[in-house]
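# Commentary on secondary and tertiary structure
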Amino acid sequence: MDIKQQLHSFDLTRTEMEALQLQLQSQIQITPYSGQPQIVAGVDLAYFDNQAIAVIVAMDVATKKVIETVSYMDTVSNDYIPGFLAFRELPLFLEAWKKLKSSPDLVFFDGNGILHPHRVGIATHASFWIDKPTIGIAKTPMIGTYQTPSPVQGSYEWIYDQDEIIGAVLRTQTDVKPVYVSVGNRVTLQNTIDFTMHWVGNKSRIPEITRQPDLLTRELRRDYLHSQKNG
């Protein structure tokens with residue numbers, strides 16, 4: 001897949017990164033998704049030593065079957081700074097994205113969308129590069145306050161930053177820890193909840209659309225470490 005726009009350099013100071021996030025924040029579109037997606041992709045990254053690998057898995061919405069998987073491994077250039085994860089991970093994701101032959105209608109990220117201090121988590125930030133609607137699914141909340149949802153599968157509560165709704169805490173499996181979902185860009189929060197629940201399987205609280213790339217990153221990480229050990 002082509003990268004739609006080269007937005008900025010990744011060699012930025014913290015002040016420049018913050019200014020860029022605030023600039024992108026004004027361009028976020030929280031609008032209903034039109035129609036039904038046919039192909040969606042899930043994204044995950046894993047770290048080992050000073051390396052990281054980005055994995056993208058494209059899946060068919062109707063059959064929930066994997067269509068394509070791509071990956072890209074490289075040295076991590078930027079240090080981790082809370083709130084600025086996208087600047088560390090996007091360079092690897094974008095290289096993996098270039099390898100993708102299918103054309104996803106929607107992309108899920110293992111991370112946050114607007115559930116972020118500046119409303120520009122990795123799912124939101126990436127959408128401006130790839131020109132696709134995006135959704136963030138996180139295992140832990142970054143910010144916000146919320147009530148605990150009912151233990152029943154499919155129940156949820158809004159996540160607030162003061163009076164603003166910025167995400168939902170969603171129970172994907174009965175009596176199992178919830179996940180934290182948020183709009184990336186060009187979807188509504190209700191779209192985010194509905195699309196996430198479509199991908200919930202029987203094996204995990206993590207929906208299959210992000211669970212599959214998570215499993216593959218773990219496998220590739222193991223293979224890499226094994227090869228290094230047996231050099």
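Look up a bit, the structure's there.
Figured I'd write up the structure that's included with this text. Note that the structure is a prediction, hence the values are computed from the model and not measured. (Residues numbered from 1 in each chain as written. Predicted model: local features only at pLDDT ≥ 70, side-chain atom pairs only at ≥ 80, totals over all residues. Heavy atoms only, no water.)

A word on the environment of P141. Note that P141 resides in the loop between β5 (134–138) and β6 (156–161). Looking at P141, the relative accessible area reads 31%, which means it is partly exposed. Sequence-wise, P141 and S34 are 107 residues apart; in three dimensions their C-alpha atoms are separated by 28 Å. With sequence-adjacent residues up to four places away left out, P141 is seen in contact with Y146 and Y180. (Helix = DSSP H or I, 4+ residues; strand = E, 2+ residues; numbered from the N terminus. Buried < 20%, exposed > 50% of the residue type's maximum accessible area, 1.4 Å probe, protein only. Contact = heavy atoms within 4.5 Å.)

Let's shift gears to the pairing of β6. Sheet analysis places β6 next to strand β7 (residues 164–170), joined by six bridges and oriented antiparallel. Bridge pairing in β7 places Y156 opposite L170. Joining the antiparallel neighbours β6 and β7 is a turn of two residues, in which Q162 adopts a positive phi near 60°. (Pairing = 2+ DSSP bridges.)

It is worth spelling out the side chain of T217 at this point. On the secondary structure map, T217 appears in helix α5 (residues 208–229). Given a relative accessible area of 1%, T217 falls into the buried group. Among residues more than four places away in sequence, those in contact with T217 are D44, L45, A46, I53 and V55.

Looking now at the sheet that holds β5. Sheet architecture is open: eight strands sit in the order β3-β2-β1-β4-β5-β8-β7-β6, paired in mixed fashion. Strands with a single pairing partner mark the edges of an open sheet, and in this sheet they are β3 (66–75) and β6. When strand polarity is set aside, the average angle formed by the axes of neighbouring strands in this sheet is 25°. In this fold α5 packs onto β1 (39–48), β2 (51–60), β3, β4 (106–110) and β5, with an angle of close to 35° to the strand it touches most, β1. (Axes fitted to C-alpha atoms, helices over the stretch in contact; angles between N-to-C directions.)

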